[in-house]
Amino acid sequence: MLSAFRPSRHGSGRIRVSFEFFPPKTPDMEVTLWKSIERLAPLSPSFVSVTYGAGGSTRERTHNTVARILRETSLKPAAHLTCVAATREEVDEVVRAYWEIGVRHIVALRGDPVGGVGARYEPHPGGYVQVCDLVKGIKAIGDFEVSVSAYPEKHPEAASLDADIDALKAKVDCGADRAITQFFFDNDLYFRYVDRVRARGITIPIVPGILPVQNFRQAANFAARAGASVPEWLAARFEGLDEDIETRRLIAAAVAAEQVIDLVDRGVSDFHFYTMNRADLVYAICHLLGLRPQGAAAERAAA
Ligand code: FAD
């Protein structure tokens, strides 16, 4: 496995990355987010996306974060948007407002049930019923690039992986340009999923969503909610490190590096990182992938 860390194999410059952030709730969180954006921006991501809180709870904050990214950086923002708790007109209004400020990429999602994960999903009366309709609605408003979700281990509500892939096919038929996966820790799951997706005639990019494990307990909680499995070997690597932040950080970097390098070795060139608004680990992984700062940051470093 050590041979996978030879930088020459991964410095080809063909790697493309995108970063996902969530809108900050407090002034302190805002500072953390912006420090992270400033640190990661020189890596020239293809886009940076900003999530939409459950039940549309961050409508304003998502918009404000996306608008600030457009105003203060040269990054291309992608705004997440869900069908939950809003009429079509309200959702369309959000889409039009994005178009007006110059946003050209939306991550279109159904969203979780208003009662939380596990509750029964009820479309809002007068709202978009399915993501497919939302994708069509967005495309009707402007020539947006639209990304959608994909689930290598199936969405918890899907009857089977085939049913889930049918749902992805429907989203593609409605105009989705790219799918970003739920995070996973076992790369074989991703490759088996992509094989099945391709066999179903889906040709859009299926970009792996990577969650660098900064905090194992938190990641395991996310995974339980998202229907993602946590391999025993991963739990074993973080065992006994709850109070040992320094070692945990080193292990986290090694685990994430191992995952992305294996993906690269098996032909993956696009990565979407769930940053949790933290830059260090993601920056290190990107460095390992051969990405180097461009522009002013690179000039400062060289001076
Ligand atoms: P869909 O693609 O419509 O559904 C996913 C699968 O669930 C389908 O393939 C289908 O098989 C099954 N399914 C859906 N509805 C039903 C049903 N009624 N009966 C049976 N099966 C069904 N959530 C947010 O709130 N905000 C975000 O910003 C956000 N960003 C995300 C980004 C990514 C990359 C991913 C992977 C997820 C994100 N989510 C976000 C989570 C997402 O909203 C939830 O997983 C939600 O439960 C499903 O939304 P979806 O768009 O994936 O749904």
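Quick note: structure is the one above.
Residues numbered from 1 in each chain as written. Predicted model: local features only at pLDDT ≥ 70, side-chain atom pairs only at ≥ 80, totals over all residues. Heavy atoms only, no water.

Here we take up the overall build of the chain. Across its full length, the chain carries 11 helices and nine strands. Taking the principal axes of the C-alpha coordinates as reference, the chain spans close to 55 × 45 × 40 Å. Relative to its full complement of 303 residues, the chain shows a buried share of 49%. At a minimum sequence separation of 6, the contacts of the chain that also span at least 24 residues come to 78%. A total accessible area of about 14,700 Å² is found for the chain, and carbon and sulfur atoms account for 51% of it. If you average the places of the 36 positive and of the 38 negative side-chain charges in the chain, the two averages end up 3 Å apart. (Helix = DSSP H or I, 4+ residues; strand = E, 2+ residues; numbered from the N terminus. Buried < 20%, exposed > 50% of the residue type's maximum accessible area, 1.4 Å probe, protein only. Contact = heavy atoms within 4.5 Å. Areas by Shrake-Rupley, 256 points an atom, 1.4 Å probe, with all protein chains shown as cover. Lys, Arg positive; Asp, Glu negative; His and termini not counted. Charge placed at Lys NZ, Arg CZ, Asp CG, Glu CD.)

In this section: the state of the cysteines. In protein chemistry, a disulfide is the covalent bond that joins the sulfur atoms of two cysteines. One pass over the structure, following the stated rule, counts one disulfide. Paired by a disulfide, C132 and C174 hold their sulfur atoms 1.8 Å apart. The sign of the 50° torsion about the S-S bond sets the C132-C174 disulfide as right-handed. On the criterion of sequence distance, the pair formed by C132 in helix α4 (residues 131-141) and C174 in the loop between α5 (161-173) and β6 (178-181) is long-range, its members being 42 residues apart. The pair C132 / C174 is uniform in exposure class, with both members buried. (Disulfide = S-S within 2.5 Å.)

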